[in-house]
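Coordinates in review
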Amino acid sequence: MLRIVGDVLTDIGEWPVYQYVEARMDELGLDADAVLRSMPSISDGQLSYSLVRRDHSTAPDTLVKLTIAGFAHLPAHAGVWDMFLAVLNELSDRRVKAAYDPRQVIEVTLSGPDLLSDLGLQDEPLVRLLPEILRGEPSTWQGGGNVNGGVWMPAPSTFVRRFRNVSSVDEYLHRLRGWIEPARQPAAVLASPLSLVGALDYLDVVWRLRFGAGLLVVPSAERAARLAFDATTAEELDNRLSALGEMFKGFDVPGDQQQGTLRRLRVFLADHLTAEAMVRVESAVTTLQNVTYMRNAGQHMDAALQAAEALRSFGLTYPISDIREAWQTVQTHVVSALGALREEVQATLPAPGARRSQARRPRRHTSSNSRRGVPPQAP
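Right, let's walk through the structure included here. (Residues numbered from 1 in each chain as written. Predicted model: local features only at pLDDT ≥ 70, side-chain atom pairs only at ≥ 80, totals over all residues. Heavy atoms only, no water.)

Here we look at the environment of Gln 346
Among the secondary structure elements, Gln 346 is positioned in helix H15 (residues 323-346). Residue class for Gln 346 comes out partly exposed when judged on its relative accessible area of 38%. Note: C-alpha distance between Gln 346 and Val 206 (140 residues apart in sequence) is 6.1 Å. (Helix = DSSP H or I, 4+ residues; strand = E, 2+ residues; numbered from the N terminus. Buried < 20%, exposed > 50% of the residue type's maximum accessible area, 1.4 Å probe, protein only.)

In structure tokens:
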């Protein structure tokens, strides 16, 4: 498949459409979609980097594009690797060496044509595709630049510093893996039966400090109390997962109420956190989502496939063989995920005395008087 795409680039200098690649694969007796799904990847949560990118679509007119990892398998396109690495290093150097001003924010923006001329790359065969290649790499998703009026204007972000002085594709992919898939620590043992409830409380406190309104809406004291107990039977595990799922469902997140709570959480935090922070947030929210998949499988037979995938993300087998261990493992991952959300939100808290930004809408009242339509009493 890589060779098919590479040959098209050599012949016409453009990305092939999926229909063409699929037809050529059919000639070889290969299933194009199966090959795409089988490719190795560097991934964490919803962030995934592989050899080919196709915008998650197999529509006939979808362009099939190679990443730098894909180009690395095509010696005929070694010029693309060298061009990318040269530009990546130059962007990181320009970002570091820019003339910053302590009184104001300086936007680091470059002229693409001048940059290529300075590096002697203006005559490279696939230089026209360079802006698109940069937009497809995690290292340059932010600041790779857009083509405005026919002129490419890269604006390197501070994130590109992670890849400064990269000398080879292997080193580039090593750093990329270190960022996307950081070394995993063994799952910690819960400090106490209240660790999960405590993690929810700590997140709620930081959320209030940052956004001026609470996140946590406890459906009932009895359901919250279930989270502190072990699970030794399938029924008890379903009971605990249901209680936890209801806690997530009750998150009071501003946004489109037609969307699910966790979806709103992603969207809302994307508006308030940096792209770097969102990588960790996406992973944490995916963990919470996987808990709901496990819960749904206990109540809907058609959710079994999602549950199997969710269990695998927790290092568990499907079907579950050890109920107690499964609940302990889920709790540990959820505590870690809630901690990650708290830390990323906490990192944006203003300095003491500074004005805090407010949430987009007032928090709804959940007292018994409010449910009866009685206005809450003034403090």
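There's more to say after this.
Let's talk about the packing of helix H5 (residues 78-97) against helix H6 (residues 112-119)
Where H5 contacts H6, the two axes come as close as 11 Å, and the packing angle between them is 115°. One way to sum up the angle between H5 and H6 is to call them roughly perpendicular. As for the relative orientation of H5 and H6, their crossing is right-handed in sense. On the side of H5, the interface is formed by Ala 86, Val 87, Glu 90, Leu 91 and Arg 94, while H6 contributes Leu 115, Leu 116, Asp 118 and Leu 119. In terms of residue class, the contact of H5 with H6 is made up of 6 nonpolar, no polar and 3 charged. (Axes fitted to C-alpha atoms, helices over the stretch in contact; angles between N-to-C directions. Parallel < 35°, antiparallel > 145°, perpendicular 65-115°, else oblique. Left-handed = near helix turned anticlockwise from the far one by under 90°. Contact = heavy atoms within 4.5 Å. Nonpolar A, V, L, I, M, F, W, Y, C, P; charged D, E, K, R; others polar.)

Structural notes on the packing of aromatic side chains
With the rule as written, the count across this model stands at 9 aromatic pairs. Within the aromatic cluster, the residues linked to one another by ring pairs are Phe 84, Phe 159, Phe 163, Tyr 172 and Trp 179. (Phe/Tyr/Trp six-rings, centres within 6.5 Å; stacked < 30°, edge-to-face > 60°.)

Read these as layout, nothing more, since geometry by itself doesn't imply function.
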